[in-house]
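Summary of the model geometry
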Amino acid sequence: MNTHRGAGDASAGGSGGGVASRLAPSDLNSGIGVTNVLNDLGPACTANVATLRDTLREVSSGSPEEATIARLLFFFSELASRSTNDARGGPGTISSAGDSSISSAFVGTLTTKENDSSDGSGGGASLWNLNVVSRLFLEDFGDRDWSLIARKLDFDDFHVRDANHLGALLRLYQSSSGIVLPLDAVVSAPWHNQAGQLSLIQALLSVPSDVYTFSLNDEESNDAAIIPPNGATSSCPNPAGWACARVLQRLLVLSDVPSLVQKVRDLFVRVLIGCPEVLLCALVRLQLSVTQQAGAGGGGGGSGPDSSVNAGIQLKGELMRELIPLFFKPPTPKHSVLYGPSAIRRLWSISPTTVAAACIEAWRSTSSDTQQTRYASIIHIISIIRLLPNPNGATGTILNGNKDHEFSVAVAFVMADHELLQLRSWLAERAKANAGGTLFLVGLIAYLGKNYRAARPRVIGGAGANSPLVSMENLAQSLQFIRSLDSSILSQDIPNPLHGDRESSGIKIGDSAKALIDACLGIHPSLSGVVDRSSVAPPSTGTGGGPPPSPGSPEDVEEMANKYFQKIYTSEQGLAEVVAMLKTFKTSGNARENDIFACMIHNLFDEYRFFPKYPEKELRITGILFGMLIQHQLVSSITLGIALRYVLEALRKEPKGGATSPSGKMFRFGMFALEQFKERLHEWPQYCSHIVQIPHLKSGYAELVAEIETAMSENQNLPPSSALSSGGEEDLSDKLLQAPVTGGDAVGPSQVPPASISISQVPSSIRKKIEPAIFGEGLGRAVNDHEEVKHEAPPGAILDKVQFLINNVSMSNVDQKAKDVKNMLDPKYFGWLGSYLVVKRISTQPNFHALYLAFLDHLGEYGKGLVEAILSSVYYNVGICLRSDKITTSTTERSLLKNLGSWLGQTTLARNRPVLQIMLDCKELLFQGYETGRLIAVTPFVAKILEGAKKSVIFRPPNPWVMGLMRLFRALYEVEDLKMNIKFEIEVLCKNLGLKLDDIPLSIDELAMRAPPMKERNPDFNIKASSSGTASTSFPSEGVKTSGLSSGPSSFESKQTALASAALAAASGGNIDKGDFTSASAVLSAGGSSAPLKEQQNTVIPNLASYVTINSSLSQLLSQSPSSITESSLMRCVPVAVDRAIREIIQPVVERSVTIGCITTKEMIIKDFAMESDETKMRKAAQLMVSNLAGSLALVTCREPLRGSITTHLRELLLKNTAKESSSDGDTDQKILEQCVAICATDNLELGCMLIEKAATEKAARDIDDVLASALSARKKHREQTGQPFYDMSIFANTNQRYPSALPEQLRPQPGGLRPDQLRVYDSFQRAPRQPVFLAQQQGDSGDVVGVGSTSLQGSKEGKVVNVEALAALTTKIDNAVTGLLSAAGPRAAEITLSMLPTEHEVKRLIVATNRILPAK
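Under the criterion given, the structure shown has 37 salt bridges. With a closest N to O distance of 3.1 Å, lysine 450 and glutamate 406 form a salt bridge. Of this pair, lysine 450 sits in helix H24 (residues 437-451) while glutamate 406 is found in helix H22 (residues 405-417), placing the two residues 44 residues apart along the sequence. Glutamate 675 serves as the salt-bridge partner of lysine 678, at 2.9 Å between the closest nitrogen and oxygen. You can call glutamate 675 partly exposed: its relative accessible area is 44%. Through salt bridges with shared partners, a single ionic network connects Glu219, Asp223, Arg285 and Arg346.

One pass over the full model with this rule turns up 31 aromatic pairs. Between phenylalanine 74 and phenylalanine 158 the ring centres are 5.2 Å apart and the planes differ by 50 degrees, which places this aromatic pair in the tilted class. Separated by 84 residues along the polypeptide, phenylalanine 74 in helix H5 (residues 66-87) and phenylalanine 158 in the loop between helix H8 (146-151) and helix H9 (163-177) bring together distant segments of the chain. Relative accessible area serves as the criterion here: at 1%, phenylalanine 158 is assigned to the buried category. When the centroid spacing of 5.7 Å and the interplanar angle of 50 degrees are considered together, the rings of phenylalanine 667 and tyrosine 701 count as tilted. Residue phenylalanine 667 is found in helix H33 (residues 662-676), and its partner tyrosine 701 is found in the loop between helix H35 (695-700) and helix H36 (702-716); the two are separated by 34 residues along the sequence. Among the residues examined, phenylalanine 667 registers a relative accessible area of 3% and is labelled buried. Across the ring face of phenylalanine 155, the terminal group of arginine 71 is positioned such that the distance to the ring centre comes to 4.3 Å. Above the ring of tyrosine 973, the side-chain terminus of lysine 983 is found at 5.3 Å from the ring centroid.

Moving on to the environment of arginine 967. If you trace the backbone, arginine 967 turns up in helix H48 (residues 960-973). Spatially, the C-alpha atoms of arginine 967 and serine 1003 are 6.9 Å apart, while their sequence positions differ by 36 residues. Setting aside residues no more than four positions away along its own chain, arginine 967 makes contact with Pro960, Ile1000 and Pro1001.

What follows deals with the packing of helix H30 (residues 591-606) against helix H31 (residues 616-631). Viewed as axis vectors pointing N to C, H30 and H31 meet at an angle of 125 degrees, and their least axial separation amounts to 12 Å. Classified by the angle their axes make, H30 and H31 are oblique. Crossing geometry of H30 relative to H31 is assigned as left-handed. Contacts between H30 and H31 involve Ile601, Leu604 and Phe605 on the former and, on the latter, Thr622, Leu625, Phe626 and Leu629. The residue makeup of the contact of H30 with H31, split by class, is six nonpolar, one polar and no charged.

Counting residues in hydrophobic clusters, the biggest one holds 152 residues, and the most contacted among them are Phe76, Trp242, Leu251, Phe268, Leu279 and Phe328. Formed by 81 residues, the second largest nonpolar core is a distinct cluster that contains Leu833, Phe927, Ile936 and Ala937.

Looking at where serine 810 falls in the secondary structure, it is placed in the loop between helix H40 (796-807) and helix H41 (814-824). Given a relative accessible area of 0%, serine 810 falls into the buried group. Polar side-chain contacts of serine 810 include one of 3.0 Å to the side chain of serine 812.

With respect to the helices and strands, serine 890 occurs in the loop between helix H44 (864-883) and helix H45 (891-907). Taking relative accessible area as the criterion, serine 890 reaches 17% and is therefore assigned buried. Engagement of the side chain of serine 890 in a polar contact is seen with the backbone nitrogen of glutamate 893, the distance being 3.2 Å.

At a minimum axis distance of 8 Å, the contact between helix H42 (residues 830-842) and H44 shows a crossing angle of 55 degrees. Taken as axis vectors, H42 and H44 run oblique relative to one another. The two elements H42 and H44 cross, and the hand of that crossing is right-handed. Here Phe830, Gly831, Leu833, Gly834, Ser835, Leu837, Val838, Val839 and Ile842 of H42 lie close against H44, whose contacting residues are Gly865, Leu866, Ala869, Ile870, Ser873, Val874 and Asn877. Of the residues that constitute the contact of H42 with H44, the class distribution is ten nonpolar, six polar and no charged.

Applying the stated criterion across every chain, the model contains one disulfide. Across a sulfur-sulfur distance of 2.2 Å, cysteine 236 and cysteine 275 are joined as a disulfide pair. Between cysteine 236 and cysteine 275 the disulfide shows an S-S torsion of about 55 degrees. By sign, it is right-handed. In this pair, cysteine 236 is assigned in the loop between helix H12 (218-224) and helix H13 (239-243) and cysteine 275 in the loop between helix H15 (261-274) and helix H16 (276-295), connecting sequence segments 39 residues apart. Accessibility assignment for this pair places cysteine 236 and cysteine 275 in one class, buried.

The next point concerns the confidence of the model for the chain. Overall, the prediction assigns the chain a mean pLDDT of 75, with 74% of residues at 70 or greater. When pLDDT is averaged over each helix and strand of the chain, the minimum, 35, is found for helix H52 (residues 1074-1085) and the maximum, 91, for helix H47 (residues 935-947). The model gives residues 1-29 a pLDDT under 50, and that stretch makes 49 contacts with residues more than four places away or in other chains.

Cut-offs applied
Residues numbered from 1 in each chain as written. Predicted model: local features only at pLDDT ≥ 70, side-chain atom pairs only at ≥ 80, totals over all residues. Heavy atoms only, no water. Salt bridge = Lys/Arg side-chain N within 4 Å of Asp/Glu carboxyl O. Helix = DSSP H or I, 4+ residues; strand = E, 2+ residues; numbered from the N terminus. Buried < 20%, exposed > 50% of the residue type's maximum accessible area, 1.4 Å probe, protein only. Phe/Tyr/Trp six-rings, centres within 6.5 Å; stacked < 30°, edge-to-face > 60°. Lys NZ or Arg CZ within 6 Å of the ring centre and 35° of its normal. Contact = heavy atoms within 4.5 Å. Axes fitted to C-alpha atoms, helices over the stretch in contact; angles between N-to-C directions. Parallel < 35°, antiparallel > 145°, perpendicular 65-115°, else oblique. Left-handed = near helix turned anticlockwise from the far one by under 90°. Nonpolar A, V, L, I, M, F, W, Y, C, P; charged D, E, K, R; others polar. Core = buried A, V, L, I, M, F, W, Y, C linked by side-chain atoms within 4.5 Å. Polar contact = N/O pair within 3.5 Å; in protein donor to acceptor, adjacent residues only side chain to side chain. Disulfide = S-S within 2.5 Å. pLDDT = per-residue confidence, 0-100.

Set out below in structure tokens:
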């Protein structure tokens, strides 16, 4: 690249044209010559801005063009990246001072200017100074067209070598131009240097988003959002680049260049590994875009390759063939995607037809595979359908909108086996289709003809090796359907497959159907009772065919029900006659009539989702019939509740868009129905209250609302003897209406939003049969077998070796350790080893479950006995935990049980192995847990077992066994007053299994058959215990302070601890003695004013009323505005609301905060104190750290939930307390109520946060002692026995861990323990407790008082208070500033004194600010 020049070619004076005169004009214009000269001159030319400017003036004629600037950018960025490589030990150097081919006079001029540099930007001549370059570019070329300069990077020598080179180029470009390198200049147009363009695109895609951010439109951003911000991988560090259509299109165009195709292919291989989710969506969206452009004449047929639909067509085909199996075929260990569900949902929003086509393609690709493989493929396709936003609509799109009828039939059969589709109705609907109906029948017959031989009875469990593609039940229904077809259909010819619909094959559909039925009956004689060999269809008699079904059969019942509905809608039979007939059918002793009645009710309810599509006449008839069923008591119990909810939901649909819109039709249906049973509304007061609160009903139908309100008032005046004796139906309907109705135009029975479940919903005839609950009976051998099996232990030497080996196993050496165990341990000791692993490892180390599973896998056939021994030990220890009396009160025991459940799920369900009912009946376990108050332990245990199903081919949803348990979880979730942490476990399980809680059908029939639990003092429920045995709803009448807390700071911390302990104990289920509350009350009552004993008993947290704040401004608000809310009602309600809110929130928050804090603290303490012999120091440091972490986490976690809970409870209490006194305007009263609620919630929020934070710190300090018990005892034992320093080398044993081996030497554990300066890190975790403000004198000056909610300390007798939080923040800033100052001073740090610092120095300013906060002496 360099050209040799004679030293005498330039004049001694080094005139401006001396060098430029030797360069060809073409070299000057392109910048080649300029960069050659600069390279010859070396780093000296960048000594400062003036030197570089003079150098460029010497070597160029006039102002450089954009092409020259582009070459200079590339030149200097390349030098900078090479300098970085050289500094890291890379080959080559660019630090030469010059070249002899340049005139010595010119070099001398450069050297002189370098030495005379005065702007401070110069440096030595050994390195290129890019700061100088960027300053020059900014000053001299800042007004140039930098987008053009970016496009001028297209020159022959341009090539980005690596990420360092790209980083230097991007930084230099941005610092010079003030803008980011524009993407359009890189990808929008083809480059002459295509290899250079590819190198730049490849480099941009290989750096993370903080180095280069791709500009995306909204659709592209949605594609990129599939990968979460922390989800980028080394193979795909910048997913946004692959979401950019311009980048993809340019890469596809470049793939058509023979010399670049392999490089482009390698680039796509990396993204296939790193983020195939983004690539799939972006490719489909790109193809749709270019196809639309081509159709609109946008360039598809033009000469430019960029806009061509065919650009990179071969590579696109290969990519799609790789991507479709990844997403649309069952995952395998070698082929799986991390964010598959999100990608499929995104792809569905882009192109539903693409998802349907991909499902069909995935199915077709299994045509030569086994039935089990094809079945697994269908199961995967069904799971994809269930993932989509509207599964019912997606089912119709995928099954009904394609021409591959065999695919549709195959999927429909499996969905029918899983109760996701009504097969007979679907077959009839497809056969009646105007287009393709005949072809569908041909496809159905063809599919059955291929698979009827392998038909087997439907498998209960729904997946696995025994699940058939065609079950006997589906085969029977299909044959019955074919047999019932009209003769006009069966007499049609089958189209010729070679010519489509244009030619006939000469074969009748009826002939093929007859042959199929004969073949099926020959292979499966059991079908003869369902389908006979008679003629497939008799002469046409209308719409049906075949002989009539036998009386009483399901087909007969459904046919009769449909006939009655047909008579209703054709007005052949009046609605009054139908109601009378249904009354007869309901009370008849005839089983067939009872079945017809049930079928008609079921069909009517099932049609609810389609009411928005009904014509006006049919909608009116249906609404009237629906209301008459309720009016004449033809529906009762659960069915009545569902019917009432349907009507209420329809009434809540605002009739926007007129009577013909879906919401308008639903509203009209509700009005038609409501009109029929108005006379019964007084039986359901709560239902009436729901109706009268509907805004558009109040505004448009005021007379109806007034009539309902009159019925409500009349009902309140009725004596108790006038109540209904309908077995609790009025209570049932109200209970079923407690939950809010969610949106949606069409809601089926399984989608009806549930209400809180109460045992009062169970009919009395059933409740009499319920037996008292006894935990343990029928739960399986795991719980009922109490005998411990004694296992033979190996000799002492082998035992120690095995334990040492297990202690040092890691992912990096698991293979070798497995071989060692094989060589040293006889299988007869597997019982001992299994018990050891379960008790010492599996139950206490959930984070290492994957490691122990890998260890067992490496044992192979040898280890099968060990797997069984471990499983047996797991069941035995599960039984011990479940039988323990402390399981509901001990978090440690519940944690052990939860860990055992996780292991059990991973070793059984995750590996397609069932949890046998004879060993452990999970469903019965949940039932008995519900009955006996053990759900707090049982729910997490069973949930962890079921989590293993997410990795299973057999047991993942919609497996019937799993879904049965999920339906029970759904029923438990809706139980009234169930604790939040139990509900949270259920929500987490649903998320892990990819299910939505609302999509799981709600059925309370089974739960209603169980003994109702006693909710008082039950750890599963948030119910306050009282002396009468029921939750108290009375309110305190006095003792609530209106100006703050009265206790002094000296006693507050102990009172705060007592409050927090009482709150946490109450929230944990009330399993504490009265003495606990008594002692707490004693502490809280010491000093300051206390509320009367009567008030203290009205809150579970003792004496809470004395600490609750009522803002004095509320008195003025209430006195100025007419309202039924009084100050006394606030004093009664606020303490109870705060009490309930704290108890509702405190336990899950504290549990979560303490767990996270203990895990974090343990990891840090074990590492830092590995060489520390003093267990006291270790314990103190751990307690300080965990208390700080747990308290801070609890504080930030609880604030908003606590605010919302206080608001909800207080609003509810005030509404109940003021309902009978209300005489003012409703809107005004509501506004005042909301103001009071908001102010009281804000004023008392800090009190609740303090109590929760204190509870977390206290519990964390106790729990960390248990967590570190073994480490602390080991140090104490070692010191007492040996007196030698203690060294814990276990932290270095796991070579797979990055730390502590990767830590700097100063931070690694050192012999002798922590130094004092290192211990100060843990001392810094100590902080002053959060307290409200305490005034020394109530009558004193309040000018300096910090409001309630700030963290303050009393400072002096004048009432001055100190803001501890501000003081702590300033202390931290001072510490950071001093540390930075001393670090910058280096070896002379010890010489620095405070007096040396200038007045404006940060340290002195912070000290002044501190003095302002501290009280004056």
